Amino acid sequence: MSPYILYVFSAFFLSAVCGLVFIPVILDYCKRKKLYDIPNERKVHTNSIPRLGGLCFIPSMLLAFIGSLFLFDYQSGVSRFDVSLWTVMFFISLMLIYITGIIDDIFGLKATTKFIVQVIAASFLPLSNLYINNFYGFLGIHEIPYWVGAPLTVFIIVFIDNAINLIDGIDGLAGGLSLLALGGFLYCFFTEGLWIYSILIAGLMGVIVAFLYFNIWGKAEKNTKLFMGDSGSLTLGFILGFLFVKFAMDNPMVMPFRTDSLMLSLTLLIIPMFDVVRVVFVRLHHRKPLFSADKNHIHHRLMLAGMTQHQALITILLFAIAYTVINLFLYQIVGLILTWIILIDILIYVLFHRVVNSFIASAQEEAGK
């Protein structure tokens, strides 16, 4: 067993403890300042819920990260953390997203303002030479030049950031999907010996577990329930977008060439990404504004089919796990190339929604009788 696994576990538990300490403080603050997410016709919840849960994500992650590094330095007597240009750019862009999310949760921001900030923050990464530079045979494409990869990287990060933000519609969904994806990235980075990233990911996973406890099982009437808000969903989405690009980039200076790196990155985030694409196509088909709010996301459809919030949550999380198992089987056992895997993934997603639509039609027919 790698000796670094101790620091990964320490980051996870330290972050979880920080979350359990910070969240009650945030709940009291929201109660005093009346910072609530107010129910409306588009939202699922019926009570006013505090919306600043994501405020604790970055402090808990960083405290756990720094604490684990100090533990390593103390035991080994050697510092192994080198500050690279990527690191500096990542934290600058991350703080820009985090602060924007907090401002939006407290004061409110226009969607265009948040979008511009996302583009600016995402642009820092290709400027530091971190960008998608290989399609690994998808559509017959392999290496791609910087002038293609840089804007593509910005698009992917902004796309994933919004995907996580938009799927945050029922208790535990954005946090649960993010936790699964982070767990997958943790395994990928750790097996490649990139333990700095592993510690950082574990630090974020710990506070998400603490948040999910309050988000799913908390009670609004007892002031123990809260939402992550944009400060949480935008932060999680941006970090996941960064990890997607980081692992998918072909960089022999960091890790050996892996033909499955793009496939794994896509698989870990496939549910929120596919959900956004489907919603966009539906809005285009019905000639509705692309940025209009509706109740057409995957969790809304499952609830229309008769599921409760928790049933919809479990179904979507199991669907995400199933995709991981299927794609690994198709790649490692069957030996399919990435193009065919993605086509099969799309077919599965379409069939899934066909089944859900049939249940919705049946439920509406029963209600009309």
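First, a word on what this report is: a plain description of the structure on this page. (Residues numbered from 1 in each chain as written. Predicted model: local features only at pLDDT ≥ 70, side-chain atom pairs only at ≥ 80, totals over all residues. Heavy atoms only, no water.)

### Side note on the overall build of the protein chain
Heads up, the condition is: Per the convention used, a helix needs a DSSP run of H or I reaching at least four residues, while a strand needs a run of E reaching at least two, with both numbered from the N terminus. Classification of residues uses two cut-offs on accessible area relative to the type maximum, computed with a 1.4 Å probe and protein chains only: under 20% is buried, over 50% is exposed, and between them is partly exposed. Contact between two residues is taken to exist if any of their heavy atoms lie within 4.5 Å; hydrogens are not considered. Methods summary: accessible areas were calculated by the Shrake-Rupley approach with a probe of 1.4 Å, and residue burial reflects only the protein chains presented. By the counting scheme adopted, Arg and Lys are positive, Glu and Asp are negative, and His together with the chain ends is not counted. Lysine's charge is taken at NZ, arginine's at CZ, aspartate's at CG and glutamate's at CD.
Secondary structure assignment for the protein chain yields 13 helices and 2 strands. The dimensions of the protein chain, computed from C-alpha atoms along their principal axes, are 70 × 55 × 40 Å. Counting across all 369 residues of the protein chain, residues that qualify as buried make up 51%. Contacts in the protein chain between residues far apart in sequence, at least 24 positions, make up 73% of those at least 6 positions apart. Taken as a whole, the protein chain presents about 17600 Å² of accessible surface, with 69% of it coming from carbon and sulfur. Across the protein chain, the 23 positively charged side chains and the 21 negatively charged ones have centroids separated by 9 Å.

### Some details on the layout of surface pockets
Put simply, the rule is: Only protein atoms enter the 1 Å grid, on which a cavity is a set of points fitting a 1.4 Å probe that cannot get out and a pocket is an open set with protein on both sides within 12 Å along at least 5 of 7 lines, lining residues being those with an atom within 4 Å of a point. Grid points are joined across faces, edges and corners, and a volume is the space filled by probe spheres set on the points.
Here the second largest pocket is characterised by a volume of approximately 840 Å³. Looking at which element gives the most residues to the lining of the second largest pocket, the answer is helix 13 (residues 338-368), with 10 residues.

### Observations regarding the packing of aromatic side chains
Applied cut-off: When the centres of two rings from Phe, Tyr and Trp lie within 6.5 Å, Trp using its six-membered ring, the rings pair. Their planes under 30 degrees apart give stacked, over 60 give edge-to-face, and anything left gives tilted.
Across all of its chains, the model carries 22 aromatic pairs by this definition. With centroids separated by 5.8 Å and ring planes inclined at 15°, the aromatic side chains of Phe-155 and Phe-159 adopt a geometry described as stacked. Of this pair, Phe-155 and Phe-159 both sit in helix 5 (residues 146-166), 4 residues apart, roughly one helical turn. Of the aromatic side chains, those joined through ring pairs into one cluster are Phe-90, Phe-91, Phe-185, Phe-189, Tyr-197, Phe-242 and Phe-247.

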